[in-house]
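Overview (structure and organization)
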Amino acid sequence: DGLYFRFGGRHWVLYLMGVKPCHQHRAVFLDPLLLPERANVRCWSQAFTTIPVPVYRRICASVSDDIRGMISLGGSQGWTVQLCHFHLISQLHGSRGRRKRKLVGRPVRETLYRLTRQALELPDGARLQAVLKRLERLVQKPMGSRVMRMAVREFLRRKEHFRPYRRYPELGLPSTTGTVRGYGT
């Protein structure tokens, strides 16, 4: 995970990485790396070069924010890429209008939020497919939040990268980068 800072008039990111064996629930945190500018795939690639080679060779999966290029970067290494649920849920939560009773499209927003949460958590099967089809139909409807519809469309486009924790339980993947973020704060 990357923690953003701004000082000296510049953007900085503290790159935090942890590694864990698939069969354990404990991670080892690597030395953090501080780089100028906003998080991007080039900086993440640089951060990955700080992982000791014997450890790097054993990596088979990664959990990351949905930064442009992270799926490609992980895929180019042969890794399974799990995208962070927290970042998606947080983005949707901010647009759902839960406290604004008269917000345009509020019921549809709430339904999009609830269905996306279900799609993240349901096991593969008919129920999941029904939820995904309903989401696909709902994002086509005009409503007040273009941002929320875009976020749900992006989730639908990348849904396979939000579900490796379900598809490959033997990898022991967390569904969020929250553990690493908590370490850094």
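Please refer to the structure placed before this passage.
The shown structure was predicted, so the numbers you read here are calculated from the model rather than taken from an experiment.

**Quick word on the state of the cysteines**
One pass over the structure, following the stated rule, counts 0 disulfides. Looking at Cys22, it has no disulfide partner, and the nearest cysteine sulfur is the one in Cys60, 3.9 Å off.

**Focus on the packing of aromatic side chains**
For the structure on display, the rule yields 6 aromatic pairs. With a centroid separation of 5.8 Å and 45° between ring planes, the pair formed by Trp44 and Phe48 is classed as tilted. Separated by 4 residues within a single helix, Trp44 and Phe48 lie in helix α1 (residues 41-48), roughly one turn from each other. Neither residue differs from the other here; Trp44 and Phe48 are each classed as buried.

**Examining the pattern of salt bridges**
A full pass over the atoms with the stated rule returns 7 salt bridges. One salt bridge in this structure joins Arg157 and Glu154, with 2.8 Å as the shortest N-O distance. Linking Arg157 with Glu154, this pair stays in helix α7 (residues 146-157), spanning 3 residues, or about one helical turn. We classify Glu154 as partly exposed; its relative accessible area is 27%. A salt bridge links Glu154 to Arg158; its shortest N-O distance comes to 2.8 Å. Arg158 sits in the buried class, given a relative accessible area of 15%. Within the structure, one salt-bridge network assembled from shared partners comprises Asp66, Glu154, Arg157 and Arg158.

**Let's talk about the sheet that holds strand β5 (residues 33-36)**
With respect to topology, 3 strands assemble into an open sheet ordered β1-β2-β5, the strand pairing being antiparallel. Looking at strand neighbours, the two that pair on one side only are β1 (2-7) and β5, the edges of this open sheet. Here the average twist between neighbouring strands, direction ignored, is 25°. Here 6 bridges tie β1 to strand β2 (residues 10-15), and the two strands are oriented antiparallel to one another.

**Focus: α1**
Here α1 has its buried residues at Cys43, Trp44, Ala47 and Phe48. Viewed along the axis of α1, the buried residues span an arc of 145°, placing them on a single side of the element. Looking at the buried side of α1, the elements it contacts are β1, β2, β5, α2 (53-56) and α3 (70-76). One side-chain oxygen at the N-terminal end of α1 lies 3.0 Å from the backbone nitrogen of Arg42; it belongs to Asn40.

**Quick word on the nonpolar core**
The biggest cluster of nonpolar side chains holds 25 residues, and the ones touching the most others in it are Leu92, Leu112, Ala119, Leu135, Val152, Phe155 and Leu156. The residues contacting Ala119, other than those within four sequence positions of it, are Leu128, Val131, Leu132, Leu135, Phe155 and Arg163. Residues Cys43, Ile59, Ile67 and Leu73 belong to the second largest nonpolar core, which totals 18 residues.

Rules used in this analysis
Residues numbered from 1 in each chain as written. Predicted model: local features only at pLDDT ≥ 70, side-chain atom pairs only at ≥ 80, totals over all residues. Heavy atoms only, no water. Disulfide = S-S within 2.5 Å. Phe/Tyr/Trp six-rings, centres within 6.5 Å; stacked < 30°, edge-to-face > 60°. Helix = DSSP H or I, 4+ residues; strand = E, 2+ residues; numbered from the N terminus. Buried < 20%, exposed > 50% of the residue type's maximum accessible area, 1.4 Å probe, protein only. Salt bridge = Lys/Arg side-chain N within 4 Å of Asp/Glu carboxyl O. Pairing = 2+ DSSP bridges. Axes fitted to C-alpha atoms, helices over the stretch in contact; angles between N-to-C directions. Arc of directions from axis to C-beta. Contact = heavy atoms within 4.5 Å. Polar contact = N/O pair within 3.5 Å; in protein donor to acceptor, adjacent residues only side chain to side chain. Core = buried A, V, L, I, M, F, W, Y, C linked by side-chain atoms within 4.5 Å.

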